[in-house]
Amino acid sequence: MVGYDPEARCVSTVEAAAAGSASGLVTRVLVSPLDVLKIRFQLQIEQLSSRNPAAKYHGILQAVQRIFREEGLTAFWKGHVPAQFLSVGFGAVQFMTFESLTELVHNVSSFKARDSFVHLVCGGLAACTAAVAVHPVDTLRTRFAAQGEPKIYPNLRHAVVTMYQTEGPQTFYRGLTPTLVAIFPYAGLQFFFYNILQQFSKWVIPAEAKSGASIKNLVCGSCAGVVSKSLTYPLDVVKKRLQVGGFEHARAAFGQVRTYEGFLDCMRQIMREEGPGGFFKGLSPSLLKAAFSSGLIFFWYELFCSLLCTLKSPESTKRKEG
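Summary of the structure given here. Keep in mind that this is a model prediction, so the values were computed, not measured.

Calculation rules
- Residues numbered from 1 in each chain as written.
- Predicted model: local features only at pLDDT ≥ 70, side-chain atom pairs only at ≥ 80, totals over all residues.
- Heavy atoms only, no water.
- Core = buried A, V, L, I, M, F, W, Y, C linked by side-chain atoms within 4.5 Å.
- Buried < 20%, exposed > 50% of the residue type's maximum accessible area, 1.4 Å probe, protein only.
- Helix = DSSP H or I, 4+ residues; strand = E, 2+ residues; numbered from the N terminus.
- Salt bridge = Lys/Arg side-chain N within 4 Å of Asp/Glu carboxyl O.
- Polar contact = N/O pair within 3.5 Å; in protein donor to acceptor, adjacent residues only side chain to side chain.
- Contact = heavy atoms within 4.5 Å.
- Expected span 1.5 Å × (residues − 1).
- Bend = angle between axes of the 7 residues up to and from the residue.

What about the nonpolar core?
Right, on to step 1. Val2, Phe98, Phe191, Tyr194 and Tyr301 are the most contacted members of the largest nonpolar core, which totals 19 residues.
Right, on to step 2. Mapped by element, the contributors of at least two residues to this core are α1 (13-43), α3 (80-108), α4 (116-146), α6 (176-204), α7 (213-243) and α9 (283-312).
Right, on to step 3. For this core, the element with the most residues is α9, which contributes five residues.
Right, on to step 4. With twelve residues, the next largest nonpolar core counts Cys128, Ile183, Tyr186 and Ala187 among its residues.

Regarding the pattern of salt bridges
Right, on to step 1. For the coordinates displayed, the defined rule picks out 18 salt bridges.
Right, on to step 2. Here Asp35 makes a salt bridge to Lys289, at a shortest N to O gap of 3.0 Å. Pair noted here: Asp35 is in helix α1 and Lys289 is in helix α9, with a separation of 254 residues, a long-range link. The pair Asp35 / Lys289 is uniform in exposure class, with both members buried.
Right, on to step 3. Several salt bridges converge on common partners, so that one network encompasses Arg28, Asp35, Lys38, Asp138, Arg141, Lys229, Asp236, Lys239, Lys240 and Lys289.

As for the side chain of Asp138
Right, on to step 1. Turning to its location among the elements, Asp138 is positioned in helix α4.
Right, on to step 2. Polar contacts involving the side chain of Asp138 include one to the side chain of Arg141, which spans 2.5 Å.
Right, on to step 3. Within the local environment of Asp138, its side chain forms a polar contact with the side chain of Lys239, the two groups lying 3.0 Å apart.
Right, on to step 4. In contact with Asp138, other than residues within four places in its own chain, are Leu86, Lys239 and Gln243.

Quick notes on α1
Right, on to step 1. Look at α1: only 38 Å from first C-alpha to last across 31 residues, short of the 45 Å you get at 1.5 Å a residue.
Right, on to step 2. In the structure, α1 departs most strongly from a straight axis at Val31, where the bend amounts to approximately 60 degrees and where the proline Pro33 lies between one and four residues downstream.
Right, on to step 3. Along α1, 23 of the 31 residues are buried, which leaves the element largely enclosed by surrounding structure.

Take it as geometry only, folks, not as evidence of what the structure does.
This is how it looks when you write it as structure tokens:
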């Protein structure tokens, strides 16, 4: 169902966008706590270890307990409104573009739309398109998830106005370079491995065993997310560090803060001060998030597309007319 299939085409580009939006919305609600943990870990300069007394967060369980104690349960959904705009918008643009690109490749080239290599390239391009479209919302989401108490931005409107007036419109595109550098291989590999795993599952699981199709989509998506995230994670850390530039005053309660002049300067400072391990801070919650998020995205997308196909089927039309 993911990608253009000339033999079983029943979802239009607009319907693919709707299914992508819906899958992003549902998934975001479920994985938001892991996203907050990941961002807090990525932005911490100090080593993530209980042996470092200056470190605010040491591990997943300790961070969960501390955030809950200091900020309450709702802290795990900080920035949820811009995050939902991000997920809905990203899901719509990504899947709509992906479906269109795979169809275009199938129609104008010798490549087949279901080839894994086609999914690799089209998946990366679709994600880059979506990333550019929703990056300002991603920056807002990061700022909300990163701030502690008392809050610097009480609501979304205040955040947008304050950032625009004090930092200028370019601040909404902080971290765009590492985002695009990271998102192409990450999303491309995600679609690539999902396609390969789906083909492998068809070889392993008999065609008549359709009852576990949804679970299969979930597992294939989770595995694809973990592998692709592991390979591209350092760039995500750099992106998050750049997105909170100019926001240092709100980070004081979390420990040391740094300012970065750009993509390369950020990488140099992390390597010099934190070592290679600095590029993998927050990897544990990030892999958990990638497994849940990627699995659920593909799971819900396939499910919503199947529902749309069912509603458009002749049997469904006859039942409505009857």
